[in-house]
Structure formats: structure tokens, C-alpha cells
Amino acid sequence: MKKSGELRYKVFWTWDHSTNWCMNQPGKQNTGVGNLYTKKPGVFVEDYKRAVDFCQANGIDAVGIVGMLRDGHGGLEAARRVCGYAREHGVRIYLITGLFSYGGIWYEGDSEFSLDRFLQKNPECMARWVDREPFYWTFSNPHGHKRQPIGCPSSKALHNFIMDSLDYVFHAIPDLGGAQIESGDSFICMCDACRERRASMRGGEEQLPLTSMSDMAAIYPDAADVITRRSPDAWVICESYTHFLDCRFFNDPTSPALKALTGMPENVFWQWTCDKRLRENTWTEKDRLPEPMRKFRHIMRAHHGTQWVGGRHTLAVDEIRRQCRLSYTSGIQGVSIFGEGSDFHANAELNYKALNYFAKHPMAGNEDFAKDVMSPLLGGDEPALRYLELGVLNKTPEKIRKSMPEFARTIGSLRDPDAIRRWTYLASFLSTFAWEYEKKAAQNNGDNVDFNI
Ligand SMILES: [Zn+2]
């Protein structure tokens, strides 16, 4: 492949409770936000060691963890072990944390760094909804179980608590590689101080009604400063919750929010999301990062191959190719996908390898990836190209049963146990979709459906 430039940073995004790199563990979960941690506590460290080993071997630079600090899997000591192991293996672990929401720095447990506990003791620091009552965000099944208090972004006492918590965590975990900081994407505080502050900061809230660039401007610069003073090489990743094309306040050069955010150090990362734009095909190779943001580093993240987009462990090579290509042509330096599933799941393994490959070769095609990377894993060029076609049959489950004899022939012709495992995995994975499709069809149509080959 001829080199055309590359995306320098390849990143995994994970929730602690649904990250499953060790197989056959009781209590594993496959979805959720705000869930309890339900595996045995020690599995947390082992899961992430496996993820780090894979990252080291496959060019993934960093793993972000939501829920890294929680009592349910060992708190500070377990986090130190994971971060230390990663650092020894050349991989960076960073904390993904809400600042005003999502439990704060200490995701769950009886810690002095828990936002829930702080707001319980200091209810005057809570956000207010339109009725002026203290605001709680409720996560309900299947996406969690919590009812969590939300902080007011205008509260000075809360601001100081967050800064002290960040400072302490980077002090207590010297190998912590950074933090993805979030202001919250499910609310805006409707207290008088916040309404006045947002009006004067002009952060473009009218375009993004559930999040606020003015709130980001009120805390991201100070948070970045505290983190980098304590840990100069730490990554500070500012979550934007949006695609840069959907954030039009960049066009207002007099916005005080923009001025505050663009005054941050140039080594800060800004993180964007692209699922909707990729799905709707509304992000093109002509689009560029907004001029005021070009001096920073940037990561474009997506939810391919997860319960959020496409289905967990589904093959997303083409989507990852487009994510990398358009990130590259937009002037972005990094890409992120979910890294929760073990590479035992052949589709997940290939997605991860696709992230590394297309980050290094952003203008390459799927055929290049099949020949350069998939071929030795799947029994040759021809089977690799075929895997790309068969691997997405979950989208057309009525075709799966007819493909099974081809799976049998392919598997029968192979001698490499790992290639056999990957093909067997795909056959079994797809069969679950055929099974469900046929059960539902039979329920809807009686016994008259002929599923024979
Ligand atoms: Zn407020």
C-alpha cells in the first residue's frame, strides 16, 4: 500500500461493566449505562490486561474506561494495577469521567471523590430543572439502574471539588494516562446563574439543546490545567458529544465560550462523534475542521459493532474505513471505536485490526485490508474477500441459511486451527440471526414458511 499520511492515534472506548475480554465469566453484561458491576471484582483487572495485550500487539494506543474508579471492582488499587500494567506495555489507560454528572471522578461507591456523595452533602450545588427542583438523571433498564444527582455548572464549591478530585486522582495513580472529560449530554441546568452565564457565553446551545459549550467553557480549561500540572504527559480529551459539522458556534468569532475554549493548550484533544453523519452520508471529503479548532489534536469516535450501532460484535470494516478516511481528509489525527469485546469474537478482532490498518492507510480500500490483514487470518485472499461479504449477512438474515454449505466447505478446506475458529465463529454468530428471523417469521405466518436450502 502506498502511504498517504496517517491518523496517529487509535483509541478504544469502554464501559467497565460490559468489557468482556475474559471468556465465560459469570455476571458478564452486554449493554448498559449506569449499570452495577456484576462480575467478580478481580475480573476487572484481568479483562483490561487482556485488552492491553491486544492493543500492544495491534497498534492501539490507548483505552478509555468509564467506571474505572468504583468500589465494586477494587477502587484505587485495581485502577493502579490496570494503569501500571498498561504503562509497562506501552499502552495508555485514561479515565472517562463526567464532571457535573455520571457520578463524577469516582463512578460508584463510598468515596470522598464521589460526585453523588458530594451532592448529597451539598444539595445547594445541584442543578435545577425548569421547576427549580434539584435535578436527578434516571438511568433505567436495559440501560442501567441509577438515579443520580446532577451538579450545577455555575457552583463555585462544586467547581473546586471537581478540581481537587482530579488533582488527587492523578496524584494517587501516577500511571494514569489521561482523562476524557465530559460536561454532560443529558441536561442543562436551568438555575438563574446558569441561564445568565449561558446567555453571556453564547456557546451555541440552541443547536445542541441537551449539552452546552458554555458549560464546557466553564470547566474544561481549568480541568486541563489541573491535570497537566500534575501529570504533564497526560492526555486531556474534551468530549464535545457532537460532530464538528453540527457545532456552528465556531462561526461566531466573538463568542466568549469559543474564546475560552480556543485559549486552551494546543496539545488538548477534542473528541467528536460521527455515527449519524456516516449513516446519513452527510460528511464528505470536502469537509474540514472549523478553523478555530485546527490548532488542537482531534479524535473522531464511533459506535460501530456495538449494542448502540449495528449490533454487538457485528462486522463493521466498511464503516471503520469510512470513519478513518473522512477523519483523515477532515484534518483529524485520531480515531476511536468501542473495545469492549474479546478478540475471540472474530468480527470484533477484524474491526479492531481495521481501525489500526485504516488509520495507517486512510485512503486504502476494503480489498487492500482483506489482502494485507485478513488473508493470513482466514485462509487466503479469496476466503478473506468472501468473509467481508458473508460477515454482514446479519443485515439480511433470510440469506444466512443458504450460505451454510459454503461455510462448511470453507471450514473443511482449512488446516489452521485459528482460521477454522474464526470461520466457525462467524457461522455460529450468523446462525443466531437466522434462528431469530425464522422463529419470528414462523410466529407471524404459521407453519407455512419454507426455510430449507
Ligand atoms: Zn446552575
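Scope of this entry: the structure provided in the associated data block. (Residues numbered from 1 in each chain as written. Predicted model: local features only at pLDDT ≥ 70, side-chain atom pairs only at ≥ 80, totals over all residues. Heavy atoms only, no water.)

As for the nonpolar core
F12, M68, I173, Y220 and W270 are the most contacted members of the largest nonpolar core, which has 149 residues in total. If sequence neighbours within four positions are ignored, W270 has contacts with M216, Y220, C238, S240, L261, M264, M293, F296, R297, H298 and I299. (Core = buried A, V, L, I, M, F, W, Y, C linked by side-chain atoms within 4.5 Å. Buried < 20%, exposed > 50% of the residue type's maximum accessible area, 1.4 Å probe, protein only. Contact = heavy atoms within 4.5 Å.)

Structural notes on the environment of V11
On the secondary structure map, V11 appears in strand β1 (residues 9-15). As for V11 and C189, which are separated by 178 residues in sequence, their C-alpha atoms are 31 Å apart. When near neighbours in sequence (up to four residues on either side) are disregarded, V11 contacts I60, A62, Y94, W235, I299, V335, S336, I337 and L355. (Helix = DSSP H or I, 4+ residues; strand = E, 2+ residues; numbered from the N terminus.)

Topic: the environment of A86
Residue placement: A86 occurs in helix α2 (residues 75-88). A86 sits 14 residues away from F100 along the chain, and the two C-alpha atoms are 28 Å apart. Excluding anything up to four places from it in sequence, A86 contacts V52, V91 and I93.

So, the sheet that holds strand β7 (residues 235-239)
Pairing between the strands of a sheet comes from backbone hydrogen bonds, and it takes one of two forms, parallel or antiparallel. Here eight strands make up a closed barrel; going around it, the order is β1-β2-β3-β6-β7-β8-β9-β10 and the pairing parallel. Recorded for the sheet is a direction-independent mean angle of 25 degrees between the axes of neighbouring strands. As paired elements, strand β3 (residues 92-98) and strand β6 (residues 178-182) share four bridges and run parallel to each other. Across the sheet, the residue bridging to I96 is Q180, located in β6. Along the sheet, helix α10 (residues 346-360) makes contact with β1 and β10 (334-338), crossing β1 at roughly 150 degrees. (Pairing = 2+ DSSP bridges. Axes fitted to C-alpha atoms, helices over the stretch in contact; angles between N-to-C directions.)

Description of the coordination of the zinc ion
Here the zinc ion is held by the protein donor atoms C152 (SG), C189 (SG), C191 (SG) and C194 (SG), which lie 2.3 Å from it. Because the angles between the four donor atoms bound to the zinc ion fall within 103 to 121 degrees, the donor set is best described as tetrahedral. For the zinc ion, all donor residues lie on one chain, and their spacing in sequence is C-x36-C-x1-C-x2-C. Taken individually, C191 and C194 each receive the classification buried, so the pair is uniform in this respect. (Donors = N, O, S within 2.8 Å, 3.2 Å for Na, K, Ca; no water. Tetrahedral: all angles 85-135°; square planar, octahedral: opposite > 155°, others 65-115°.)

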